[in-house]
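# Breakdown of the fold
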Amino acid sequence: MCLILFSYRSHPVYPLILAANRDEFYERPSAAIAFWEDAPDILAGRDLKEEGTWLGITKTGRLAAITNYRDPHALKDHAPSRGTLVSGFLRGDESPEEYVQQIRPDAGRYNGFNLILGERSGLVHFSNMTDTFREISPGVHGISNHLMDTPWPKVERGKKLLEDLISDRRDFSPEEIFDILADTSRPDDPDLPDTGVGLDWERVLSSIFIRSEGYGTRSSSVMLIDKGGGVEFVERSFSSDPGAYETVRFSFRMPEGSPFAVPG
């Protein structure tokens, strides 16, 4: 996952509104969101190469998502797959705090990542680039390939578009959020970050929705969780064929209400 935008405990109907784009090489095999045959409680896409995932939720409200941290000079050639950190949390029953303490000793073996974990106690963020763990405060947040809320142009633009959409409206459609995730506008060169990949790639990677030869946005995901524990999870999967996509939609209700609603 290369961009996650989310509103957390800041909307009157939806305690969590999450929009995300997964950017990857087109040749890497993956499966669209579904309830996993080997773990029927998990609803997530699947990386068919390493068997992990980038975003998922369970029927009881355990949530996990990950983005990569872009630093080509620090890449480890034989690092384990970061997607297994997401599936590991979804398969378990530890609290987010306990899970972070469990993975922390080996976090340096992985290439850089930002990990979002959630359950009924709330949402937390952990990055192995800074070894920092913190509870996420209510509001609209964004993560791309740096730390949470780093003001890259695509993050700032995505947060503003999401906030403008939901700030004065109790309801909206996933399609309106997909319009945000489909934004291909690019900032001016002086506003681009310098992450060590060269100017041409900084330009390609600077838009919310990415398309280039061999690499681009493979899926866009929208997840809405309402106060009553209703979950709507919609995903659009893209191939290298411009304009072509497939949509998958799941809805279910958690047995004990929303895990992210403010108590009281």
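Use the structure listed above.
Residues numbered from 1 in each chain as written. Predicted model: local features only at pLDDT ≥ 70, side-chain atom pairs only at ≥ 80, totals over all residues. Heavy atoms only, no water.

Bringing the pattern of salt bridges into the picture now. For the structure on display, the rule yields 18 salt bridges. As a salt-bridge pair, Arg62 and Glu94 come within 4.0 Å of each other at their nearest N and O atoms. In this pair, Arg62 sits in the loop between β5 (55–58) and β6 (63–68) while Glu94 sits in the loop between α1 (83–91) and α2 (96–103), placing the two residues 32 residues apart along the sequence. Neither Arg62 nor Glu94 differs from the other in exposure class; each is buried. Linked by salt bridges that have partners in common, Asp38, Arg46, Glu51 and Arg91 make up one network. (Salt bridge = Lys/Arg side-chain N within 4 Å of Asp/Glu carboxyl O. Helix = DSSP H or I, 4+ residues; strand = E, 2+ residues; numbered from the N terminus. Buried < 20%, exposed > 50% of the residue type's maximum accessible area, 1.4 Å probe, protein only.)

Let's shift gears to the packing of aromatic side chains. All chains considered together, the criterion is met by 10 aromatic pairs. Aromatic side chains Phe35 and Phe250 sit 5.6 Å apart centroid to centroid with 90° between the ring planes, which places their arrangement in the edge-to-face category. Here Phe35, found in strand β3 (residues 30–36), pairs with Phe250, found in strand β14 (residues 245–253); they are 215 residues apart in sequence, far enough to count as distant. Looking at Phe250, the relative accessible area reads 23%, which means it is partly exposed. With a centroid separation of 6.1 Å and an interplanar angle of 85°, the aromatic rings of Trp201 and Tyr215 are classed as edge-to-face. Of this pair, Trp201 sits in helix α5 (residues 199–205) while Tyr215 sits in strand β12 (residues 215–225); the two residues are 14 residues apart in sequence, bridging distant segments of the chain. Judged by its relative accessible area of 37%, Trp201 falls in the partly exposed class. Three or more aromatic residues joined by ring pairs make a cluster, and in this case those are Phe25, Trp201 and Tyr215. Taking the ring centre of Phe89 as reference, the NZ or CZ of Arg62 above it sits at 3.8 Å. (Phe/Tyr/Trp six-rings, centres within 6.5 Å; stacked < 30°, edge-to-face > 60°. Lys NZ or Arg CZ within 6 Å of the ring centre and 35° of its normal.)

Quick look at the sheet that holds β5 now. Sheet strands pair by backbone hydrogen bonding; their relative direction is either parallel or antiparallel. The 7 strands are arranged β3-β4-β5-β6-β7-β8-β9 in an open sheet whose pairing can be described as antiparallel. A strand with exactly one partner marks an edge of an open sheet, and here the two such strands are β3 and β9 (132–135). Neighbour-to-neighbour, the strand axes of the sheet open up by a mean angle of 10°, direction not taken into account. Bridge count between strand β7 (residues 113–119) and strand β8 (residues 122–127): 6 bridges; the pairing is antiparallel. Within β8, the position partnered with Asn114 by the bridge is Ser127. Together, β3, β4 (39–47), β5, β6 and β7 form the strand contacts of α1, whose direction differs from that of β6 by roughly 170°. (Pairing = 2+ DSSP bridges. Axes fitted to C-alpha atoms, helices over the stretch in contact; angles between N-to-C directions. Contact = heavy atoms within 4.5 Å.)

Right, let's talk about the side chain of Asn111 for a bit. Here Asn111 is to be found in the loop between α2 and β7. According to the relative accessible area criterion, Asn111 is buried, its value standing at 10%. Within the structure, the side chain of Asn111 is placed 2.6 Å from the backbone nitrogen of Lys76, a separation counted as a polar contact. Residues within four places of Asn111 in sequence aside, it is in contact with Ala74, Leu75, Lys76, Ala79, Arg82 and Asn128. (Polar contact = N/O pair within 3.5 Å; in protein donor to acceptor, adjacent residues only side chain to side chain.)

This next bit is on the packing of α1 against α2. Two elements in contact, α1 and α2, have axes separated by 11 Å at closest approach and are oriented at 135°. Here α1 is positioned oblique relative to α2, judged by the angle of their axes. When you trace α1 past α2, the crossing you get is right-handed. Here Thr84, Leu85, Gly88 and Phe89 of α1 lie close against α2, whose contacting residues are Pro96, Tyr99 and Ile103. When the residues that make up the contact of α1 with α2 are grouped by side-chain class, the tally is 5 nonpolar, 2 polar and no charged. (Parallel < 35°, antiparallel > 145°, perpendicular 65-115°, else oblique. Left-handed = near helix turned anticlockwise from the far one by under 90°. Nonpolar A, V, L, I, M, F, W, Y, C, P; charged D, E, K, R; others polar.)

Phe6, Leu55, Ile57, Leu123 and Met223 are the most contacted members of the largest nonpolar core, which totals 26 residues. For this core, the secondary structure elements donating two or more residues are β1 (3–8), β2 (16–25), β5, β6, β12 and β13 (230–238). Not counting residues within four places of it along the chain, the set of residues in contact with Ile57 comprises Asp41, Ile42, Leu43, Arg62, Leu63, Leu90, Met223, Ile225, Val231, Phe233 and Phe252. One finds Ile17, Val140, Ile208 and Leu224 within the second-largest nonpolar core, a separate group that totals 21 residues. (Core = buried A, V, L, I, M, F, W, Y, C linked by side-chain atoms within 4.5 Å.)

Shape descriptors only; they carry no functional weight alone.
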